[in-house]
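A closer look at the structure
Each chain, written out:
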Amino acid sequence: MNERILLIEDDEAIVKIIRRTLAYEGYHVETALDGEAGLDSARDHHPDLVVLDWMLPGMDGLEVCQRLRAVEKIPILMLTAKDTIQDRVEGLDSGADDYMVKPFEIDEFLARIRALLRRTSQERSPVLAFVNLVMESAARKVYRNNQEVMLTAKEYDLLELFLRNPRQVLTREVIFDRVWGYDFGGESNVLDVYIRYLRQKLEFSGESRILHTVRGVGYVMRENP
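Quick caveat: nothing in here was measured; it's all calculated off a predicted structure.

**Things to note about the packing of helix 6 (residues 153–164) against helix 8 (residues 190–202)**
The geometry of helix 6 relative to helix 8 is characterised by a closest axis approach of 10 Å and an angle of 85° between their N-to-C directions. In terms of their interaxial angle, helix 6 and helix 8 are classed as roughly perpendicular. Seen from helix 6, the contacting residues are K154, E155, L158, L159 and F162; seen from helix 8, they are L191, Y194, I195, Y197, L198, K201 and L202. Partitioned by chemical class, the residues of the contact of helix 6 with helix 8 number 9 nonpolar, no polar and 3 charged.

**Quick look at the sheet that holds strand 11 (residues 211–214)**
The antiparallel open sheet is built from 3 strands, whose spatial order is 10-12-11. On the outer flanks of this sheet lie strand 10 (170–171) and strand 11, each paired with one strand and no other. Relative to strand 12 (residues 218–221), strand 10 runs antiparallel, the two sharing 2 bridges. If you follow T171 over to strand 12, its bridge partner there is G218. Sheet contacts for helix 6: strand 10, strand 11 and strand 12; angle to strand 12, the most-contacted strand, approximately 65°.

**Examining the packing of helix 7 (residues 172–180) against helix 8**
For the pair helix 7 and helix 8, interaxial distance at closest approach is 11 Å and the crossing angle is 80°. It follows from the interaxial angle that helix 7 and helix 8 lie roughly perpendicular. For the pair formed by helix 7 and helix 8, the contact residues are R172, I175, F176 and W180 on the first element and V190, L191, D192 and Y194 on the second. Counted by class, the contact of helix 7 with helix 8 contains 6 nonpolar, no polar and 2 charged residues.

**As for the nonpolar core**
Counting 26 residues, the largest nonpolar core has L159, F162, I175 and M221 as the members making the most contacts within it. The set of elements that each furnish at least two residues to this core consists of strand 6 (127–130), strand 7 (133–136), helix 6, helix 7, helix 8 and strand 12. In this structure, I8, V50, L62 and M78 belong to the second largest nonpolar core, which totals 20 residues.

What counts and what doesn't
Residues numbered from 1 in each chain as written. Predicted model: local features only at pLDDT ≥ 70, side-chain atom pairs only at ≥ 80, totals over all residues. Heavy atoms only, no water. Axes fitted to C-alpha atoms, helices over the stretch in contact; angles between N-to-C directions. Helix = DSSP H or I, 4+ residues; strand = E, 2+ residues; numbered from the N terminus. Parallel < 35°, antiparallel > 145°, perpendicular 65-115°, else oblique. Contact = heavy atoms within 4.5 Å. Nonpolar A, V, L, I, M, F, W, Y, C, P; charged D, E, K, R; others polar. Pairing = 2+ DSSP bridges. Core = buried A, V, L, I, M, F, W, Y, C linked by side-chain atoms within 4.5 Å. Buried < 20%, exposed > 50% of the residue type's maximum accessible area, 1.4 Å probe, protein only.

Okay, structure coming up:
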């Protein structure tokens, strides 16, 4: 295990405990005591995961999270004493992938770390496949039944989202957020247009439909309607 974890936390007692725990589990740990130092460390060391405290001196964790998310796809686990539902929503909306309220159990903390790293590893897989559809991420090429499918950049991004989440119903809001980066609003038909384009290209020679509409919700990639 050689994963690099960056811990951005201003409480030195907590830093000592978490660093020792993570090192014992085999992780390589970098630490920073404030947001600016954390951003510098993330830029210089390219960690595999960031553990980020919300309440930091100067630049708080929310701003650090937003700045990290603007330039990196590093998974972020946010730590905080704030425990209301609104606080959780605000933390996740800032770009955090997961959220833990202090004090927390070390075993659960380590389990969350493993889950985030596992998910990230899966997302970095160079080849994605579903039925007879194959996507080669490194080359950005797509094949259906061994025939190349020519896609625009946005069509590719949309298809990749489905391939990374097969058999999961994706709401329109989630798709807009992941592919376009913001909410187009409920009245926009741009998503429907792109789904139609994808279907035409993926079903070019009588291939079965794998992108299905879930009325009133969104879309899903699956074998059957």
